[in-house]
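Understanding the architecture of this molecule
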Amino acid sequence: MDSLTVAIIGAVAVLGSTLLANWITDVKGYKKLNLKIGEVPNTTLSGQHKDIEAAIKEGNCSLNEQVKDSIKGSTESILSSSNTILTKVEKINDHLIKEKADHENSFKNLDKDQQKIKGHVEGIHALVKDWERTISRNRELENKVIVLEEKVQKLTLELSRVNQDRSNDRDEQDLER
C-alpha cells in the first residue's frame, strides 16, 4: 500500500504543480495583455460597446451644437447682408420713381405740337434701337456665313482629293488588267 499511496501522492503533486504552472502562466499573460491594452473598467464586450456608443452619442451632441451655432451665425450674417442689400435696392427704386415722375411732369406742360414732336422723337429712338438690333444680327449672320463658306471650301478640297484618289485607283486597276 505504500507504493499505491506514493503513486497517488505523486499523481496529486504532479497535477497540483501542473495546475500551479498553468495558473502562473495565465496570470503572467493577463499582466502582459493589461500592459498592452491598459486597464479596461468594463471587461465585458457588451459593456465596452455601450461605452463606445455613449462616447459616440456625446460626440454627436457636441457636433450638433457646433453645427447649430455655425448655422445660426451664418443665418445672422446672411440676414444682415440681405437687409443692407434690400435697403440699397429700395433707395435705388425710390430714386428711379422720383426721376420718372420728374420726367413725366416735365412733359405735362407741353402744348399739342410739342407733344407730337416728343412722340415723333420717341418713335425715332425706337427705330434707331431696332436698326441697331438688325445691324448686330446682320453682323452675326455674316460671320456665320464666312465660317460656313470656309467649311464648304475645305469640304470641296477634300472631295476633290477623294475623287483624285479614286481616279488614281481606277488607273492602277486598268494598268493591272
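Residues numbered from 1 in each chain as written. Predicted model: local features only at pLDDT ≥ 70, side-chain atom pairs only at ≥ 80, totals over all residues. Heavy atoms only, no water.

**Points about the overall build of the protein chain**
Per the secondary structure count, the protein chain includes three helices and zero strands. Along the protein chain, from the amino end to the carboxyl end, the secondary structure elements read α-α-α. The C-alpha radius of gyration computed for the protein chain amounts to 50 Å, which surpasses the reference 16 Å derived for 177 residues by more than 25%, pointing to a less compact arrangement than a globule. Counting only C-alpha atoms and orienting by the principal axes, one finds that the protein chain spans roughly 150 × 95 × 20 Å. Taking all 177 residues of the protein chain together, 1% fall into the buried category. (Helix = DSSP H or I, 4+ residues; strand = E, 2+ residues; numbered from the N terminus. Rg over C-alpha atoms; globule rule 2.2 N^0.38 Å. Buried < 20%, exposed > 50% of the residue type's maximum accessible area, 1.4 Å probe, protein only.)

**Here we look at helix α3 (residues 112-176)**
With 65 residues, α3 ought to run about 96 Å at 1.5 Å a step, and its terminal C-alpha atoms sit 94 Å apart, in line with that. Capping the start of α3, D111 holds a side-chain oxygen 3.3 Å from the backbone nitrogen of D113, two or three residues further along. (Expected span 1.5 Å × (residues − 1). Polar contact = N/O pair within 3.5 Å; in protein donor to acceptor, adjacent residues only side chain to side chain.)

**Looking at the confidence of the model for the protein chain**
Looking at the protein chain as a whole, its pLDDT mean stands at 84, while 95% of the residues score no less than 70. Averaged pLDDT values for the elements of the protein chain fall to 81 in helix α1 (residues 2-37) and rise to 89 in α3. (pLDDT = per-residue confidence, 0-100.)

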